[in-house]
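Structural overview for review
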Amino acid sequence: MRYAMAVDTLKCVGCSDCVVACQTENNVPIGFCRDWVVEVTDGTYPRLEIEIRSERCNHCENSPCVRCCPTGASHYAEGGVVLVTPHKCIGCGACIASCPYDARYPHPDGYVDKCTFCLHNRVEKGLDPACVSVCPTKCMYFGDLDDPNSPVSKVLKNRKYKTLIPEAGTNPQLYFLL
Amino acid sequence: MSSRRSFIKISALGIGGIAAAGGLSRLATGAVSGNASTEKIDSPEQNLHRTPTYCEICFWQCAGWVYKDESGNIKKIVGNDDDQHCNGRFCPRGTGGVGQYYDEDRLKTPLIRTTTDGKETFREASWDEALDYIAHRMQEIAAKHGPECIALFTHGSGGSHFGHMLKAFGSASITAPSFAQCRGPREVGFLTTFGDIIYSPERIDIRDTRCMVLIGSHLGENMHNGQVQEMSDAIDRGATIITVDPRFSTAASKSKYWLPIKPATDLALLLSWIHVLIENEWYDKAYVAKNTVGFEQLREHVRPFTPEWAYGITTIDPNVIVETAREMRNASPSVIINPGRHVTWYGDDTQRMRAVAILAALLGAWGRRGGYYQPEKLHLPSYPVPPFPVPRRQPTEAYGGKYPLANEVVSNGLCDATIPTVERSCSYKAWIVNGTNLLAAIPNQANTLKAIEALELLVVVDTMPVELTGYADVVLPECTYLERYDMLRNSNHRLPNLALRMPAVQPKYDSKPAEWIARELAAKLGLEAWFPWKNIEEMLDWQLKQMGTSLEEMQRLGVKNFPRENDDLYFNENEEAVFNTNSGKIELYSSDMENEGFAPLPVYTAHEEPPEGYYRLNYGRAPMHTFSRTANNPNLTDLMDENVLWVNPKVARLWGLKTGQMVKLKNQDGKQSTFAIKVRVTERIRWDSVYMVHGFGHNNPKLTRAFGRGVNDTELITRVHIDPVMGGTGMRGNFVTFITEFEPNGKEAEA
Amino acid sequence: MKEEIIVSGRLNHLIDPQLHIWHWHIPLYLFLGGLAAGILFFAALYTILGKEKEYPTAVKLAPFLTPALLSIGLLALFLDLNHKLYFWQLYTTLRLESPMSWGAWTLMVVTPASIVWCALHIRELFPNWDWKFNWLKAVETFFNQYKQHLAWVLLISSLILGVYTGILFSAFNARPLWNTSILGPLFLTSGLSTGAAAIVLMSKKASERHNFARIDLMLIGIELFLIVHMFMGFLASTQVHIEAAHLFLGGPYTVPFWLFVVMLGLVIPALLEFLELRGFHMPYFIAPVLVILGGLIFRFIIAYAGQASRWLY
Ligand SMILES: Nc1nc2c(c(=O)[nH]1)N[C@H]1C(S)=C(S)[C@@H](COP(=O)(O)OP(=O)(O)OC[C@H]3O[C@@H](n4cnc5c(=O)[nH]c(N)nc54)[C@H](O)[C@@H]3O)O[C@H]1N2
Ligand SMILES: Nc1nc2c(c(=O)[nH]1)N[C@H]1C(S)=C(S)[C@@H](COP(=O)(O)OP(=O)(O)OC[C@H]3O[C@@H](n4cnc5c(=O)[nH]c(N)nc54)[C@H](O)[C@@H]3O)O[C@H]1N2
Ligand code: SF4
Ligand code: SF4
Ligand code: SF4
Ligand code: SF4
Ligand code: SF4
Ligand SMILES: [Mo]
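Residues numbered from 1 in each chain as written. Chains lettered and ligands numbered in written order. Predicted model: local features only at pLDDT ≥ 70, side-chain atom pairs only at ≥ 80, totals over all residues. Heavy atoms only, no water.

Turning our attention to the overall build of chain A. Tallying secondary structure elements over chain A gives five helices and ten strands in all. For chain A, the C-alpha radius of gyration of 16 Å lies close to 16 Å, the compact-globule estimate for 178 residues. Principal axes of the C-alpha set define a box for chain A whose edges measure 50 × 40 × 35 Å. Relative to its full complement of 178 residues, chain A shows a buried share of 72%. Pairs at least 24 apart in sequence give 55% of the contacts found in chain A among residues at least 6 apart. Here chain A displays about 5500 Å² of accessible surface, and carbon together with sulfur accounts for 52% of that area. Looking at charge distribution, chain A has the averaged site of its 18 positive side-chain charges lying 3 Å from that of its 20 negative ones. (Helix = DSSP H or I, 4+ residues; strand = E, 2+ residues; numbered from the N terminus. Rg over C-alpha atoms; globule rule 2.2 N^0.38 Å. Buried < 20%, exposed > 50% of the residue type's maximum accessible area, 1.4 Å probe, protein only. Contact = heavy atoms within 4.5 Å. Areas by Shrake-Rupley, 256 points an atom, 1.4 Å probe, with all protein chains shown as cover. Lys, Arg positive; Asp, Glu negative; His and termini not counted. Charge placed at Lys NZ, Arg CZ, Asp CG, Glu CD.)

In structure tokens, the structure reads:
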């Protein structure tokens, strides 16, 4: 099992619903976020292009954050999902410094928090992650890459895509459809 | 400005404490007994209770579920899968609606304006006292001037309750900014053409369209949920999107064609498209022959409007005009010329919307799949009450003779009619304002303030301390939509449907639902006969039983879709279509317009251009905010806590402006913005315009998150171009320049 | 024009708008660790070489600083943690891939070893010292027997500690400035150099001072070489590394780095030491103080600038 997510940059309108939905679903405190939306505009008026990406932890297959965690709080869970165990985390910040995507943040309660792919609260119960299930443009796909029939496998088979900073060698599992 | 009623920063006496609850407040708690019927649902989230609602953060009114945790705290709101407005998915504002409930800056108790030590302040009052006060003043005014001199300005669900109360009292002067500041010109444009309006949600079949033309309509930023969802699906299925917008909107970036039109020239483009369709015989001949009148006059009329002619005006390449017209033809009749929604732009907006309607008719799109469908809504009986007294004066008489084709009450008309003149027998003496922040919603603030100045009573019902509450004599704190019942949502859609809003939690602080406020006020005015129900549940249950369901069932379902009465979602091609116009046909040549002395075929007129050193003030929506109402919502300010000023890099270079720099703005009439705004240098805006999101720059210090953040576009809209046809306030003819040196007084002053 | 913005208003505390998860604690901790490592290294080295007599400051006196240095360092590390009550989780596992983990464990070895080392020499400093309890005396005797072994343990663990102070950063390939294998040797050298400087400062013995000044001069030479090498490496690498280098070559860290670290912290003290060795007389403490200050500033700059350097995408 390898969980992955794909976001369609051509359909995403940057509304940030995925961000609020994550906040209310996962009790992310006001002022913090596990996901965010990047808008890149290129060109000169009126020859312009926009790419919009809803970003979050990439659940890297080769994740520096897990590697550098001194306590094992950061770990790979089921399906390769990278999780943090709050009561093992000492809040040293090593994983934060190690993440090329700035995907983690220090939770006000002391431990480090980040996107969980909604593994325990939704995915294990057969639901899509909160951000995926709310997106008004239905531009996000989630599922198991080992299952060729999962929405994410299917869309990756049919579309061009990229990952972020592949040269960092992290092997991200968050794909952006182009 | 010297004023009888000065703006009070509500902080004067503090609104923190909860006033001694009057005897009446006990009644209110009964109103949430519906909680008892909430169930533990059989879903993966078993530990959560859910209750149905429909969203009040904007007027798309998506139906959804409010989830609470074990301790009864609202946790999240998600869409109802059965709802046609949202298909189970809320937009960011709806998802962030929890923030409106938790906002600790909310209005907490009724407030009454008093003078202590020569200084005007608000004092906290009990509901009993506040409503007694209002009833007393209303009766005084009615005795002196007549009840019809009281007007209701409202936007949102509370309107029906207060409207009901006011009609019983003897006034029909009820208005909303959603007409003359919003969709009025389009409703009138389509009404005069097709004999029917567009409605909300719009009757456009984006789901099945093959080509959609967006004229200004900035879907994706304008987050009207069903439309955004269906547009995304349409793109997936390969539909062609053509966006006409001087700004590179999000929708433009998703479109096959973006036409970066020169602002204020759309009518020329539309006329030229009509020209191309007709000259090339690309229109739906059978449809036009069968259903329309005035085609020959139209053909003659548009003959001069060649693409080359339009190019000179719009700067759109003639080849692109032809090519996009061909795209429309190829998709016909599954084409939508999106009628937009906020269309009060330049004062000739009804004419522009007429051109849109004509284009749609030529393409045979009205009544066709993928074009404009025939919506249906339930005939939901109202709880029986005695007939309302006939008011001595209709609101239209208040602005006598003007705006003959307005099919709703013109808010700015009532506003004007409040300012006394020698001729007018009765100007409005009292306003009840519910759920609309008039100082953000209606342009030309000076005029609105002049009207407010002339009032004997201003009652403001709101959830938040905003600009307008500062001018009120009495402020009534409504609870949020998550804490109350309202009327059933009975919407026009593909399927007739009902949605229920019920309280998920008890009202916070000493706030009350509009229905309760209206009913209690009615009681004090001796109008009990019009509110015969014990509580709103009884009234809703009665209504629902007429439709074969019940309050109990709706509390479980939230939304119920009903089968259509008529199988006419699209025209039956074998039957004669009848239109509700004077001729019974689609009027390309409008007899209504002609009869009222307006051009029966749309005419392009040039609009004013920015003077040297000034830039056209363009404004719009951000997907995560609604007007000025969400600017203090903690969840949504987390996403965006101020508006920024989009400036083209060329302009920025000329003025030496940098991204992040604060500037103030001054318009052509010398009106300066209260606060400063952050510059965003971006290619997405033209060099002749600047752009900002509407709804920021709040000046009520009680809004701890929103105060002093960004600029309120409305205060810079002093030059208003009134549409003579229906009274719409054209707001896009204002020009601003930059002030780079100023005393900081907004958010940046705190630092 | 290319414009890249976050439209959802992300402003995570300590992450945005620029990473600053580590403040003064970590660079101070690394500086103190490096300094202690330097001192202990020389103490161990000269013990193993049997030169305790020639270099009494290095072997006996200076190490008395190290338990304090290490404890203050650990305290700084502790203060830096956001979830302090779970501190002990560090010692429930050894994670070899995590520099933070083996750093914590190394300190677990070095700190007690440094205390024992001091204990072994306490009587030489305070001749009247008495261990009150017999078992303590037994312990002392025990360690005295194995002093050479202890010296080896110290030598190796202090080297690890010294390298670790650099590896902690260079393990983070997410921060291009840190992402260079030169940081390990560079911080080790710098640690040794500050250690030598500390010994020079404390030593009353001219020959010892001269010896360590000479060592320091050599270490500074190596450091300068490594720094040049590091920048050449960056400039020959990817765009993000070039940008990282530009933080120091025209960017905001240019003056602090070249003036305080390179000039005042390396070149000038090297000159002074050189002149001193050539027999020019001047206040001998200036050079080592500059070296120590330079080493401290160096760690602050690397910690802060590293957090400012990032990947682009
Ligand atoms: N997120 C969010 N969504 C909303 C709302 C909200 O507050 N927030 N409000 C809802 C309501 S009530 C309404 S009425 C709608 C309004 O939404 P729309 O009907 O889409 O709004 P407009 O103001 O007509 O469109 C704004 C766009 O018009 C462009 N524009 C400006 N001048 C011109 C011009 O001269 N020609 C052309 N072709 N384009 C021009 C601007 O660049 C901008 O992109 O949004 C609805 N949806
Ligand atoms: N400059 C400018 N003016 C515009 C527009 C624009 O784009 N630019 N857009 C126009 C358009 S399209 C429209 S539709 C109008 C919208 O105009 P309005 O609907 O008046 O918009 P808001 O400014 O959001 O004011 C809403 C008020 O209702 C309050 N409120 C929110 N929820 C509740 C509730 O449940 N109960 C009560 N009692 N009060 C509540 C809010 O606190 C706020 O004070 O504005 C129009 N005016
Ligand atoms: S909810 Fe969907 S459309 Fe909106 S920003 Fe997130 S991914 Fe994009
Ligand atoms: S994105 Fe960052 S936090 Fe997520 S797995 Fe990769 S390195 Fe770790
Ligand atoms: S902050 Fe927590 S999760 Fe991150 S590396 Fe340190 S202990 Fe591990
Ligand atoms: S997958 Fe879950 S945790 Fe991750 S961003 Fe989406 S909603 Fe948040
Ligand atoms: S579109 Fe969004 S804000 Fe409007 S009613 Fe629906 S969910 Fe609420
Ligand atoms: Mo509107």
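With 106 residues, the main nonpolar core has Trp22(C), Phe42(C), Phe169(C), Trp178(C), Phe212(C), Phe248(C) and Phe257(C) as its most contacted residues. Residue contributions to this core peak at 15 residues, all from helix α1 (residues 25-48) of chain C. When residues no more than four places from it in sequence are discounted, the contact partners of Trp178(C) are Ala97(A), Trp22(C), Phe169(C), Ser170(C), Phe172(C), Leu183(C), Ile302(C), Ala303(C), Gly306(C) and Gln307(C). With 76 residues, the next largest nonpolar core counts Cys91(B), Leu219(B), Ala577(B) and Tyr589(B) among its residues. (Core = buried A, V, L, I, M, F, W, Y, C linked by side-chain atoms within 4.5 Å.)

This part is about the interface of chain B and chain C. Every contact between the two is made by eight residues of chain B and, on the other side, six residues of chain C. Taken together, both faces of the contact between chain B and chain C bury some 520 Å²; the carbon and sulfur share is 46%. At the boundary of chain B with chain C, the tally comes to one salt bridge. Linking chain B with chain C are three residue pairs in polar contact (both at pLDDT 80 or more), by the criterion used here. (Buried area = accessible area lost by both parts, 1.4 Å probe. Salt bridge = Lys/Arg side-chain N within 4 Å of Asp/Glu carboxyl O. Polar contact = N/O pair within 3.5 Å; in protein donor to acceptor, adjacent residues only side chain to side chain.)

As a further point, take the site of ligand 2. All names here are of chain B. Close to ligand 2 lie 30 residues, the nearest being His155, Thr436, Asp462, Glu478 and Ser628. Here an oxygen atom of ligand 2 and a side-chain polar atom of Ser628 are 2.6 Å apart. At the level of secondary structure, the elements contributing two or more residues to the shell around ligand 2 comprise α6 (177-194), α17 (438-441), β15 (457-462) and α25 (713-716). If you tally residues by element for the shell around ligand 2, the top one is α6, at three residues. Tallied by class, residues from the shell around ligand 2 come to eleven nonpolar, twelve polar and seven charged. (Near = heavy atom within 4 Å. Nonpolar A, V, L, I, M, F, W, Y, C, P; charged D, E, K, R; others polar.)

Residue and element names in this part refer to chain C. Together, Trp24, Leu75, Leu79 and Tyr304 make up a nonpolar patch on the protein surface, roughly 370 Å² of accessible area in all. Here Tyr304 is to be found in helix α11 (residues 286-308). Look at Tyr304 and you get partly exposed, because its relative accessible area is 32%. (Patch = residues over 30% accessible without salt bridge, like charges linked within 9 Å, V, L, I, M, F, W, Y side chains within 5 Å.)

This part is about the domain arrangement of chain B. Residue and element names in this part refer to chain B. Examined at the domain level, chain B breaks down into domain 1 (198-375) and domain 2 (615-749). A straight line from the C-alpha centre of domain 1 to that of domain 2 covers 29 Å. With 24 residues of domain 1 at the contact, the number on the domain 2 side is 26 residues. Where domain 1 abuts domain 2, roughly 1800 Å² becomes buried across the two surfaces, and 53% of that area is made up of carbon and sulfur atoms. The interface formed by domain 1 and domain 2 holds one salt bridge in total. Between Glu221 and Arg684 there is a salt bridge, with the nearest N and O atoms lying 4.0 Å from each other. Partitioning the side of domain 1 that touches domain 2 into residue classes produces nine nonpolar, ten polar and five charged. (Domains from an automatic or database assignment.)

Attention now moves to the packing of aromatic side chains. Residues and elements named next belong to chain C. Counted according to the given criterion, the structure contains 59 aromatic pairs over all chains. The interplanar angle of 45° and the centroid separation of 6.3 Å between the aromatic rings of Trp22 and Phe169 together place this pair among those described as tilted. With Trp22 in the loop between β1 (3-6) and α1 and Phe169 in helix α6 (residues 147-170), this residue pair connects regions lying 147 residues apart in the sequence. When sorted by exposure, Trp22 lands in the same class as Phe169, which is buried. With a centroid separation of 5.7 Å and 85° between ring planes, the pair formed by Tyr55 and Phe212 is classed as edge-to-face. Of this pair, Tyr55 sits in the loop between α1 and α2 (56-61) while Phe212 sits in helix α8 (residues 206-235), and the two are 157 residues apart along the sequence. (Phe/Tyr/Trp six-rings, centres within 6.5 Å; stacked < 30°, edge-to-face > 60°.)

Attention shifts here to the packing of helix α7 (residues 183-202) of chain C against α11(C). Residue and element names in this part refer to chain C. The contact between α7 and α11 brings their axes to 8 Å, and the two run at 150°. As summarised for this structure, α7 and α11 are arranged roughly antiparallel, according to the angle between their axes. In the crossing of α7 with α11, the sense of the turn from one axis to the other is left-handed. Packed against α7, whose contacting residues are Leu183, Leu186, Phe187, Ser190, Gly191, Ser193, Thr194, Ala197, Ala198, Val200 and Leu201, the element α11 presents Pro288, Val289, Val291, Ile292, Gly295, Phe298, Arg299 and Ile302 at the interface. Within the contact of α7 with α11, the residues separate by chemical class into 13 nonpolar, five polar and one charged. (Axes fitted to C-alpha atoms, helices over the stretch in contact; angles between N-to-C directions. Parallel < 35°, antiparallel > 145°, perpendicular 65-115°, else oblique. Left-handed = near helix turned anticlockwise from the far one by under 90°.)

All names here are of chain B. One open sheet accounts for three strands, arranged β17-β18-β19; its pairing is antiparallel. Every interior strand has two partners, whereas the edge strands, β17 (489-491) and β19 (559-561), have only one. With direction set aside, neighbouring strand axes in the sheet form an average angle of 15°. As paired elements, strand β18 (residues 497-499) and β19 share three bridges and run antiparallel to each other. Within β19, the residue paired with Leu498 across the bridge is Lys560. (Pairing = 2+ DSSP bridges.)

Before going further, it helps to examine the sheet that holds strand β7 (residues 150-154) of chain B. Residues and elements named next belong to chain B. A sheet is described by the order of its strands in space; here seven strands give the open sequence β6-β5-β16-β15-β14-β7-β8, paired in mixed fashion. If you trace the sheet from one side to the other, it starts and ends with β6 (119-124) and β8 (174-175), each paired once. Taken together, the six bridges between strand β5 (residues 111-116) and β6 define a ladder with antiparallel strand orientation. Bridge pairing in β6 links Leu111 to Glu124. Helix-sheet contacts for helix α16 (residues 411-418) involve β7, β8 and β14 (430-434), and the interaxial angle to β7 is about 145°.

Okay, the site of ligand 1 next. Residue and element names in this part refer to chain B. Surrounding ligand 1, one finds 30 residues, the nearest of these being Asp245, Asp266, His342, Tyr346 and His625. Tyr346 places a side-chain nitrogen or oxygen 2.6 Å from an oxygen atom of ligand 1. Within the backbone of His625, an N or O atom sits 2.6 Å from a nitrogen atom of ligand 1. When isolated, ligand 1 has an accessible area of 920 Å², and the protein chains bury 99% of it. Within the shell around ligand 1, the residues separate by chemical class into 13 nonpolar, nine polar and eight charged. For the shell around ligand 1, the domains that each give at least three residues are domain 1 (198-375) and domain 2 (615-749).

Here we take up the pattern of salt bridges. Per the stated rule, a full pass over the model turns up 73 salt bridges over all chains. With its nearest N and O atoms 3.2 Å apart, the salt bridge here joins Arg186(B) to Glu187(B). Judged on exposure class, the residue Arg186(B) and its partner Glu187(B) are both buried. Here Arg564(B) makes a salt bridge to Glu376(B), at a shortest N to O gap of 3.8 Å. Here Glu376(B) lies in the loop between α14 (349-362) and α15 (395-398) and Arg564(B) lies in the loop between β19 and β20 (586-587), a separation of 188 residues in the sequence. Glu376(B) matches Arg564(B) in its accessibility class, with the two residues each being buried. It is possible to trace a salt-bridge network through shared partners that takes in Glu39(A), Glu221(B), Arg247(B), Arg680(B), Arg684(B) and Glu3(C).

A word on the interface of chain A and chain C. Across the boundary between the two partners, chain A contributes 50 residues, which contact 40 residues of chain C. Interface area for chain A against chain C, summed over the two sides, is near 3900 Å², with a carbon-plus-sulfur share of 56%. Looking only at chain A, the three residues that lose the most surface to chain C are Ile90(A), Ala97(A) and Asp102(A), adding up to 16% of its buried area. The interface formed by chain A and chain C contains two salt bridges. In this structure, Glu4(C) and Arg53(A) form a salt bridge, with 3.6 Å as the shortest nitrogen-oxygen distance. For the interface between chain A and chain C, the tally reads 23 residue pairs in polar contact (both at pLDDT 80 or more). Contributions of two or more residues to the side of chain A that touches chain C are made by β2 (36-44), β3 (47-55), α2 (64-68), α3 (94-98) and β6 (105-106) of chain A. In terms of residue count, β2(A) provides more of the side of chain A that touches chain C than any other element does, nine residues in total. Partitioned by chemical class, the residues of the side of chain A that touches chain C number 27 nonpolar, 13 polar and ten charged. The sheet contact formed by β2(A) and β1(C) spans four bridges and is antiparallel. When the sheet's bridge partners are listed, Val40(A) is paired in β1(C) with Glu4(C).

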